[in-house]
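Fold and contact review
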Amino acid sequence: MAPVRLRHPKGVTTLQLDFDVLTVQDLQQQIFSVTKIPPSQQEIKSGYPPQTLTIIPELPLSSLGLRAGEQIIVNQTVPSPSGGPPPSTLSRAPPAPARPSAARPTSTGPANVPTSSGVLVHRVVPDDNSCLFSSVALIFEQDITKAQKIRQIVADGIRGDMETYSEAILGAPRDTYVATILKPSTWGGAIELGILAKHFNTEIASIDVETGRIDQFSPSPQESKGYRCLLVYSGIHYDAATLAPTVDAQDEWHQTIFPITSAGTSDPVLEAAKKLATILRERRAFTNTATFDLKCEQCGKGLKGEKDARAHAQETGHVRFGEY
């Protein structure tokens with residue numbers, strides 16, 4: 001463990017960091033624990049004069065070029081009106097301001113779409129690396145603070161089906177994957193959504209803001225209860241979508257699970273979800289990490305997105321990248 005001094009709006013804190021084990025995402029989570037600044041709003045600087053660091057959460061902590069005893073500075077950035085990420089970082093984009101009616105967008109209130117049964121509302125959850133689990137907790141537990149309970153359901157699902165969730169499917173030894181997914185700093189994805197759909201016997205439909213694509217994670221026909229719920233995916237962040245009598249209705253009046261009334265994506269609830277995604281897309285409330293133009297600061301090679309950066313790091317050992 002090596003000490004790094006963190007200067008932040010609340011004062012100065014010494015962090016103990018393991019540069020050989022931690023990722024950039026782990027550092028962001030430690031900063032969040034100290035400062036309560038969400039990862040998407042963290043502007044991290046180091047050096048003299050201080051320079052803004054390029055943040056790629058999944059890369060090793062060593063990609064930032066920090067050394068033991070060094071000082072880093074974090075400030076809270078203000079999200080741009082477009083809802084896109086700060087230009088100097090690669091992190092989660094905050095959900096955009098929205099429109100309370102289908103006709104004219106406004107700059108306040110959650111994004112929403114009127115339907116014949118009420119208003120489909122974009123329900124924003126904290127940007128703290130547990131967004132998938134918080135969104136599922138909001139839907140099935142009506143309480144985002146139960147995200148860790150949802151993580152435990154995933155862990156139990158993996159342990160209970162060793163044939164389906166083999167090392168080849170998980171991409172890591174099973175025990176390692178389970179230990180990692182139980183950490184509050186670890187993101188979830190398709191594997192977790194499939195397990196949760198099976199556990200709750202409910203389809204989880206995730207709509208991609210950028211493309212409007214709907215990914216449907218379904219239990220087996222024999223186990224399905226005939227219901228679905230909705231997640232909104234920005235590229236690196238999950239939120240929920242729920243139905244309410246009015247946009248500002250209290251949480252207990254929100255319907256979080258819906259009966260499946262038609263096959264495919266022609267269901268009225270899914271049609272409303274597509275309209276919701278369109279509103280958020282118009283506000284640029286998504287991040288396409290696959291299309292960022294990057295450059296290796298050690299050899300100068302041009303790269304495209306996180307995938308190229310990770311592959312280049314594995315091939316060369318180079319871990320310092322900047323945006324073009």
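Residues numbered from 1 in each chain as written. Predicted model: local features only at pLDDT ≥ 70, side-chain atom pairs only at ≥ 80, totals over all residues. Heavy atoms only, no water.

Looking at the layout of surface pockets
Rule in force here: Space inside and on the surface of the protein is sampled on a 1 Å grid over the protein atoms alone, with a cavity defined as a set of points where a 1.4 Å probe fits but cannot get out and a pocket as an open set with protein on both sides within 12 Å along at least 5 of 7 lines; lining residues have an atom within 4 Å of a point. Grid points are joined across faces, edges and corners, and a volume is the space filled by probe spheres set on the points. Helix and strand labels come from DSSP, where a helix needs a run of H or I of at least four residues and a strand needs a run of E of at least two; each type is numbered from the N terminus. When residues are grouped by polarity, Ala, Val, Leu, Ile, Met, Phe, Trp, Tyr, Cys and Pro land in nonpolar, Asp, Glu, Lys and Arg in charged, and all others, Gly among them, in polar.
Empty space within the second largest pocket amounts to approximately 290 Å³. Looking at the lining of the second largest pocket, the element that brings in the most residues is helix α7 (residues 268–282), giving five residues. The class makeup of the residues in the lining of the second largest pocket is nine nonpolar, five polar and three charged.

Considering the packing of helix α3 (residues 147–160) against helix α5 (residues 174–181)
Threshold: Here an axis means a line fitted to C-alpha atoms, over the contact stretch when the element is a helix, while the angle between two N-to-C directions is reported on a 0 to 180 degree scale. Working definition: roughly parallel below 35 degrees, roughly antiparallel above 145 degrees, roughly perpendicular at 65 to 115 degrees, and oblique for all remaining angles. By the convention used here, residues are in contact when the closest approach between their heavy atoms is within 4.5 Å.
The N-to-C vectors of α3 and α5 enclose an angle of 170 degrees; their axes lie 9 Å apart at closest approach. As judged from the angle between their axes, α3 and α5 are roughly antiparallel. Residues R151, V154, A155, I158 and R159 of α3 touch α5, and the partners they reach there are R174, Y177, V178 and I181.

Describing the environment of V34
Our working rule: Relative accessibility decides the category of a residue: with a 1.4 Å probe and only protein chains considered, values under 20% of the type maximum give buried, values over 50% give exposed, and everything between is partly exposed.
Following the sequence through the fold, V34 ends up in helix α1 (residues 24–35). Residue V34 is classed as partly exposed on the basis of its relative accessible area, which comes to 26%. Separated by 19 residues in the primary sequence, V34 and L15 place their C-alpha atoms 9.5 Å from one another. Not counting residues within four places of it along the chain, the set of residues in contact with V34 comprises L6, H8, K10, T13 and L15.

A closer look at the confidence of the model for the protein chain
Using the following cut-off: A score from 0 to 100, pLDDT tells how confident the predictor is in each residue.
Of all residues in the protein chain, 85% have pLDDT values of 70 or greater, and the mean over the chain is 82. Predicted confidence is poor over residues 79–107, with pLDDT under 50, and the contacts of this stretch with residues over four places away or in other chains come to 95 contacts.

Remarks on the packing of α3 against helix α6 (residues 190–200)
One can describe the packing of α3 onto α6 by two numbers: an axis separation of 9 Å at closest approach and a directional angle of 90 degrees. Judged by the inter-axis angle, α3 sits roughly perpendicular to α6. Contacts between α3 and α6 pair I150, I153, V154, G157 and I158 from the former with E192, I195, L196, H199 and F200 from the latter. Residue composition of the contact of α3 with α6, grouped by class: seven nonpolar, two polar and one charged.

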